[in-house]
Amino acid sequence: DYGYEGYTDGYDYDDYGGRGRERERERERPWERDTDRNGGHSWGRSWDRDRDRDAKGGLPPGRGSSQYSITATGWNPLSSKRPDEGVDVPGRKRRRSRERDRGGEDSIISRQMKKMRTIKVRELSDELTKKKNRGRRDIMDNTVHWAEKAVTDMTERDWRIFKEDFMIVTKGQDVPHPMRSWKESKLPDAILDAVDEAGYKDPSPIQMQTIPIGLQGRDVIGIAQTGSGKTCAFVIPMCCYIYKQPAMTAETMLDGPYAIVMAPTRELAQQIEDEAQRFCRHMKQRAMSVVGGVSIEDQAAAIRKGAEIIIGTPGRMNDCIERKYLVLNQCNYVVLDEADRMIDMGFEPQVVAVLDAMPNSNIRPEDETREEADLVYRQTFMFSATMPAAVEKISLKYFRRPVHVQIGEVGTPIDKIEQRVQWVGSENQKKVLMMQLLGQSDPPIVIFCNQREKVEKVAQLLESEGYTVAKLRGGISQELRSEALDDFKKGQVGILVATDVAARGIDVKNVTHVINYDMPKTIEFYTHRIGRTGRAGARGVAVSYLSNDDVDIMFDLTKLLQNCKQHVPKELLDHEGSKGKPGSIEFKTAKKKDTVIYSKKSQF
């Protein structure tokens, strides 16, 4: 109903088909332009009263007089429809007039109130939605632990808590978030297969943070506790870097390896070689070691066959470079493992010589804006338990905007090691206590001595008591040292007696006890020794025999035991050596207080 009541010209207003035909005829009519009295123009379709009548001779509504002209001012002639097409304009006006007459102002007010209610409802709905989302964010932030969230839902607060939980401290610009698990690491499938094969269930804290940084091609300085998984932390990014390089050919292998690793001892270098080969097998890469005690000519022949990774001690690696057996023309990945130990052993000149043998053109510029996108820059990793001045000097010269990663407290052993310090008054008491402990403990066990001669004496004592013993000390060939360590790893012998030369090279699973038959001179050596147990999340026990001859370590040992909440013997607490380091004011004051001055007997 178009509201056109009383019209009797025979036109059927409710006939949908009729209106449809009318519209079809209307579109077929030609266009014309009208000019009004003000000079304006309007466009409309041309109508003919005789031609455009319907089948019954009537005109459509609104077409009977010029008052209801079909021309529409402002109508776009390019459109296929007019704004008022098919609408009874007079009827619509009369219908609205009747509504106003019946409702008066109420109808207008009613429409306004309805409009206001609609706006208010929308505003309330938006506010409820915002409140709901805000409440959900609060719940996600404060009440849901990060372990229950997907990595995409982690907030900055979650990442901060995550790093605090694993004692991860970073320093640098734009440090990437750590990886929570191997599945979320986005490592190549070949690497993940090697991880599964090695039995690494979860990454260690140093691996969580260091691997994502290494995958970005940035320099890393890692300070972590001994036995925390540092080797895997730099081997995985190294294999991923080499995977992106062109495959070695007979021509390119003459330019040397893609990556080198320097370690302080032969044993540690060979341990890194074993770990690297575990991943290289899956990535179709080759790794080899160059260490002392082996023919350098044989190692030179192996180098000529080509290897993507070369691991070695600084001395032997520098010898190979000086004799032209080894070149580093395409080496852009360097790892310095146990850097503080290499410096302590006097390898600083050899380390610097090896680093200087690499192309200087691949060192990143100090100005970050001058970096070229297509150039492959040198990437350097350095791991150390401590950070002495000499190590700082190397980092300042060869590192560019490194990311510092620290796990736990610097220079302290893993918390899962139980430290027992026993005071002894004689050498015979040491032997008695050691034999009692061995009778109550299961192998494998490592015993440390300070001199080669002491290693031989202790080994002879144990063999006379029926124990199977391996010896690891300086002055023996590399072949015998490797054989002794292999026998200990395979379980063919239950006790290993060694000097500090092996303190950083032994990585044997499930070592139950470490015995310091002789106390080391520094707390760093103590830390490295006891770190042979309690590795890879396992628990261990470290037993040390302390006497009056060990004044040099007493102060640092007391502080370490107290910080780790371990028992401190009364004899150690009462000794002047625990009050201060030898030569310090505290040590001299404590020694003066304990000195008893006897006066001469009076003559009277």
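Residues numbered from 1 in each chain as written. Predicted model: local features only at pLDDT ≥ 70, side-chain atom pairs only at ≥ 80, totals over all residues. Heavy atoms only, no water.

Colleague: Before we go on, may I ask you to explain the overall build of the chain in this structure?
Modeller: A count of helical and extended segments in the chain gives 20 helices and 16 strands. For the chain, with 604 residues in total, the buried portion stands at 46%. Relative to all contacts within the chain whose residues are 6 or more apart in sequence, the contacts with residues 24 or more apart total 69%. Roughly 33,300 Å² of accessible area belongs to the chain as shown, and the carbon and sulfur atoms make up 49% of that amount. (Helix = DSSP H or I, 4+ residues; strand = E, 2+ residues; numbered from the N terminus. Buried < 20%, exposed > 50% of the residue type's maximum accessible area, 1.4 Å probe, protein only. Contact = heavy atoms within 4.5 Å. Areas by Shrake-Rupley, 256 points an atom, 1.4 Å probe, with all protein chains shown as cover.)

Colleague: Could you clarify how one ought to interpret the side chain of Arg473 in this entry?
Modeller: In this fold, Arg473 is placed in the loop between strand S13 (469–472) and helix H16 (478–490). Only 2.8 Å separates the side chain of Arg473 from the side chain of Glu456, close enough to count as a polar contact. (Polar contact = N/O pair within 3.5 Å; in protein donor to acceptor, adjacent residues only side chain to side chain.)

Colleague: Where do I start with the packing of helix H9 (residues 296–304) against helix H10 (residues 314–322) in this structure?
Modeller: For any two helices packed against each other, the geometry is given by the interaxial angle and the distance between the axes. One way to put it is that H9 packs onto H10 with a least axis distance of 11 Å and a crossing angle of 70 degrees. Classified by the interaxial angle, the pair formed by H9 and H10 is roughly perpendicular. Along this stretch, H9 crosses H10, giving a crossing that reads as right-handed. Residues Ile296, Gln299 and Ile303 of H9 form the contact with H10, whose own contacting residues are Arg316, Asp319 and Cys320. For the contact of H9 with H10, the per-class residue count stands at three nonpolar, one polar and two charged. (Axes fitted to C-alpha atoms, helices over the stretch in contact; angles between N-to-C directions. Parallel < 35°, antiparallel > 145°, perpendicular 65-115°, else oblique. Left-handed = near helix turned anticlockwise from the far one by under 90°. Nonpolar A, V, L, I, M, F, W, Y, C, P; charged D, E, K, R; others polar.)

Colleague: Is there a simple way to explain the pattern of salt bridges in this structure?
Modeller: Any two side chains of opposite charge can pair if their charged atoms end up close together. All chains considered together, the criterion is met by 15 salt bridges. Of the charged contacts, one joins Glu275 and Arg278 as a salt bridge, the two residues approaching to 3.3 Å between their closest N and O atoms. Here the residue Glu275 and the residue Arg278 both occupy positions in helix H8 (residues 266–283), the gap between them amounting to three residues, near one helical turn. Of the residues examined, Glu275 reaches a relative accessible area of 8% and is grouped as buried. Judged by relative accessible area, Arg278 falls into the partly exposed class, the value being 25%. Across the pair Lys454 and Asp518 runs a salt bridge whose closest N-O atoms are separated by 3.3 Å. (Salt bridge = Lys/Arg side-chain N within 4 Å of Asp/Glu carboxyl O.)

Colleague: Is there a simple way to explain unusual backbone geometry in this structure?
Modeller: Trans peptide bonds make up the majority, and among non-glycine residues the majority have a negative phi. Cis geometry is adopted by the peptide bond preceding Pro444, which originates at Pro443 and carries an omega value of 0 degrees. Structurally, the position occupied by Pro444 is in the loop between helix H14 (427–440) and strand S12 (445–448). Unusually for a residue other than glycine, Lys186 sits at a positive phi of about 60 degrees. Mapping Lys186 onto the fold places it in the loop between strand S3 (168–171) and helix H5 (189–198). By relative accessible area, which is 77% here, Lys186 ends up exposed. In the Ramachandran plot, Lys324 falls in the positive-phi region, its phi being about 70 degrees despite a non-glycine side chain. The topology assignment puts Lys324 in the loop between H10 and strand S8 (333–336).

Colleague: Whenever I open this one, the state of the cysteines confuses me. Can you help?
Modeller: Cysteine pairs can be covalently joined through their sulfur atoms, and such a bond is termed a disulfide. Inspection of the entire model under this criterion finds zero disulfides. You can see Cys232 has no disulfide; the closest cysteine sulfur is in Cys239, sitting 9.3 Å from it. (Disulfide = S-S within 2.5 Å.)

Colleague: I'm lost on the nonpolar core in this one. Help?
Modeller: Inside soluble globular proteins, nonpolar side chains tend to come together where they are buried. With 51 residues, the main nonpolar core has Ile191, Ile236 and Phe279 as its most contacted residues. Setting aside its immediate chain neighbours within four residues, Ile191 contacts Ile236, Cys239, Cys240, Phe279 and Met283. Among the nonpolar cores identified, the runner-up in size contains 30 residues, and Met317, Ile321, Met342 and Val391 belong to it. (Core = buried A, V, L, I, M, F, W, Y, C linked by side-chain atoms within 4.5 Å.)

Colleague: Looking at this model, I keep getting lost on the sheet that holds strand S4 (residues 220–223). Mind explaining?
Modeller: Strand pairing in a sheet relies on backbone hydrogen bonds. The paired strands run either parallel or antiparallel. Strand order in the open sheet formed by eight strands is S3-S10-S4-S9-S8-S5-S7-S6, with mixed pairing between adjacent strands. Taken across any chain shown, the strands that pair with only one partner, and hence form the sheet edges, are S3 and strand S6 (287–290). Put simply, the sheet's adjacent strands are angled 15 degrees from each other on average, direction ignored. By the bridge criterion, four bridges tie S4 to strand S10 (residues 403–407) in an arrangement that is parallel. Across the sheet, residue Gly222 finds its bridge partner in S10, namely Val405. Across the face of the sheet, helix H6 (residues 205–215) comes into contact with S3, S4, strand S9 (379–384) and S10 while running at roughly 170 degrees to S10. Strand contacts of H9: S6 and strand S7 (309–312), with the helix running at about 155 degrees to S6, the strand carrying the most contacts. (Pairing = 2+ DSSP bridges.)

Colleague: Looking at this structure, how should I read the packing of H5 against H8?
Modeller: It is at 8 Å that the axes of H5 and H8 come closest, and there the two elements cross at 135 degrees. Classified by the angle their axes make, H5 and H8 are oblique. Of the two possible hands of crossing, H5 and H8 adopt the one that is right-handed. Here H5 contributes Ala190, Ile191, Asp193, Ala194, Val195, Glu197 and Ala198 to the contact with H8, which in turn contributes Arg278, Phe279, Arg281, His282 and Met283. Of the residues in the contact of H5 with H8, the class split is seven nonpolar, one polar and four charged.

Colleague: Looking at this structure, how should I read a negative patch on the surface?
Modeller: A contiguous patch of negative charge, built from Asp174, Glu366, Asp367 and Glu368, is present on the exposed surface. Given a relative accessible area of 48%, Glu368 falls into the partly exposed group. (Patch = residues over 30% accessible without salt bridge, like charges linked within 9 Å, V, L, I, M, F, W, Y side chains within 5 Å. Lys, Arg positive; Asp, Glu negative; His and termini not counted. Charge placed at Lys NZ, Arg CZ, Asp CG, Glu CD.)

Colleague: Whenever I open this one, the pairing of strand S15 (residues 513–516) confuses me. Can you help?
Modeller: A regular strand carries its side chains on alternate faces of the sheet. Burial of the side chains of S15 extends over both faces: His513 and Ile515 are buried on one face and Val514 and Asn516 on the other. One ladder, built from four bridges, connects S15 with strand S16 (residues 540–546); its direction is parallel. The residue bridging Ile515 from the neighbouring strand is Val543, located in S16.

Colleague: Where do I start with the pairing of S4 in this structure?
Modeller: The alternating pattern of S4 places Val220 and Gly222 and Ile221 and Ile223 on opposite faces, both of which are buried. Bridge analysis of S4 against S9 gives four bridges, and the strand direction is parallel. Across the sheet, the residue bridging to Ile221 is Met382, located in S9.

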